[in-house]
Amino acid sequence: MEDMDEIYRLHAQSVYKYLLSLCRNESLAEELTQETFYRAVKSIDKFDGKCKVSVWLCQIGKNLYFSELKKQGRETDFPEDFDFPAPSAEDEIIASEGKTSLLKAIHALPEQTKEVVYLRSFGNLSFREIGDVMGKSENWARVTFYRGKERLKGGFGYEK
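My aim in this report is to walk through the structure given alongside it, one point at a time. (Residues numbered from 1 in each chain as written. Predicted model: local features only at pLDDT ≥ 70, side-chain atom pairs only at ≥ 80, totals over all residues. Heavy atoms only, no water.)

**Focus on the environment of tyrosine 38**
Moving on, step 1. Residue placement: tyrosine 38 occurs in helix H2 (residues 26-42).
Moving on, step 2. Residues tyrosine 38 and methionine 4 lie 34 residues apart in sequence; the distance between their C-alpha atoms is 9.9 Å. (Helix = DSSP H or I, 4+ residues; strand = E, 2+ residues; numbered from the N terminus.)

Here you go:
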C-alpha cells in the first residue's frame, strides 16, 4: 500500500466530492474529509484490502457524516439557498427543472435511489464507484440511477 501522503494526494478530492454530495456544505465536507484521513491513519492496520482504498475512505467519511447528523440532530434536507452544481450532460432533468422543485423531487425518492442520484449527479462518481460505496454491483448502480431519473421525469413502471 502507498504511504498516507500519497493516499491523501490521490484520494482527497474524490472523498471531498463524495462528502460534499452527502452534506451539501463545503466547510463541513472539508472538515469531514480531514477527519476521514485522520481516522484512516489511526486505523490503517485494519484496512484488509478487500476493497479499493477510495471505497474504504468513502465508507469512513459516510460514517462520520451520519455521526455528525446524529450529533446535531439534523435532518438531511437541502437548504433553500443550496448552490446547485453544474449539471452533467447525462442528467437532462437537472437542466429542465427548477432547483427547488428538482431537489424536492430527489429528496422524495426512496433512500438508496436518492443516494445513488446524489453520488452520480453531485459527487460525479462512476457507477462502479457508487456500487463499491453502496456495497452493490456496478449494474445495480446503473439501474437504480436510471430508475431514479425516470421517476424524476415522471416515468412509469417504477415501484418504491
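Further notes follow.
**A short note on helix H7 (residues 127-134)**
Moving on, step 1. Every buried residue of H7 is accounted for by Phe127, Ile130, Gly131, Val133 and Met134. With its buried residues spanning 165° around the axis, H7 presents them on a single face.
Moving on, step 2. Contact partners of the buried residues in H7: helix H1 (4-23), helix H3 (53-72), helix H6 (111-121) and helix H8 (138-152).
Moving on, step 3. Following H7 by one or two positions, glycine 135 adopts a phi angle in the positive range, close to 75°. (Buried < 20%, exposed > 50% of the residue type's maximum accessible area, 1.4 Å probe, protein only. Arc of directions from axis to C-beta. Contact = heavy atoms within 4.5 Å.)

**Things to note about the pattern of salt bridges**
Moving on, step 1. Under the defined criterion, the tally for this structure stands at 7 salt bridges.
Moving on, step 2. Note that glutamate 6 and arginine 9 form a salt bridge whose closest N and O atoms lie 2.6 Å from each other. Residue glutamate 6 and its partner arginine 9 are both found in helix H1; the two are separated by 3 residues, about one turn of the helix.
Moving on, step 3. Take glutamate 6: its relative accessible area is 26%, and that puts it in the partly exposed class.
Moving on, step 4. By relative accessible area, which is 56% here, arginine 9 ends up exposed.
Moving on, step 5. A salt bridge links arginine 142 to glutamate 138; its shortest N-O distance comes to 3.0 Å. Placement of the pair is arginine 142 and glutamate 138 together in helix H8, with a separation of 4 residues, close to one helical turn.
Moving on, step 6. For arginine 142, a relative accessible area of 41% puts it in the partly exposed group.
Moving on, step 7. On the basis of relative accessibility, which here comes to 29%, the residue glutamate 138 falls in the partly exposed class.
Moving on, step 8. Linked by salt bridges that have partners in common, Arg128, Glu138 and Arg142 make up one network. (Salt bridge = Lys/Arg side-chain N within 4 Å of Asp/Glu carboxyl O.)

**Structural notes on unusual backbone geometry**
Moving on, step 1. For arginine 24, which is not glycine, the phi dihedral falls at a positive 55°.
Moving on, step 2. Topologically, arginine 24 is positioned in the loop between H1 and H2.
Moving on, step 3. Judged by its relative accessible area of 10%, arginine 24 falls in the buried class.

**Considering H3**
Moving on, step 1. Taking 1.5 Å as the rise per residue, H3 with 20 residues should run 28 Å; its terminal C-alpha atoms sit 29 Å apart, in good agreement.
Moving on, step 2. With its phi angle positive at about 65°, glycine 73 sits one or two positions after the end of H3. (Expected span 1.5 Å × (residues − 1).)

**With respect to the packing of H1 against H6**
Moving on, step 1. The interhelical angle for the contact between H1 and H6, taken along N-to-C directions, is 130°, at an axis separation of 9 Å. It follows from the interaxial angle that H1 and H6 lie oblique. The way H1 lies across H6 gives a crossing that is right-handed. For the pair formed by H1 and H6, the contact residues are Tyr18, Ser21 and Leu22 on the first element and Glu115, Tyr118 and Leu119 on the second.
Moving on, step 2. A per-class count over the contact of H1 with H6 returns 4 nonpolar, 1 polar and 1 charged. (Axes fitted to C-alpha atoms, helices over the stretch in contact; angles between N-to-C directions. Parallel < 35°, antiparallel > 145°, perpendicular 65-115°, else oblique. Left-handed = near helix turned anticlockwise from the far one by under 90°. Nonpolar A, V, L, I, M, F, W, Y, C, P; charged D, E, K, R; others polar.)

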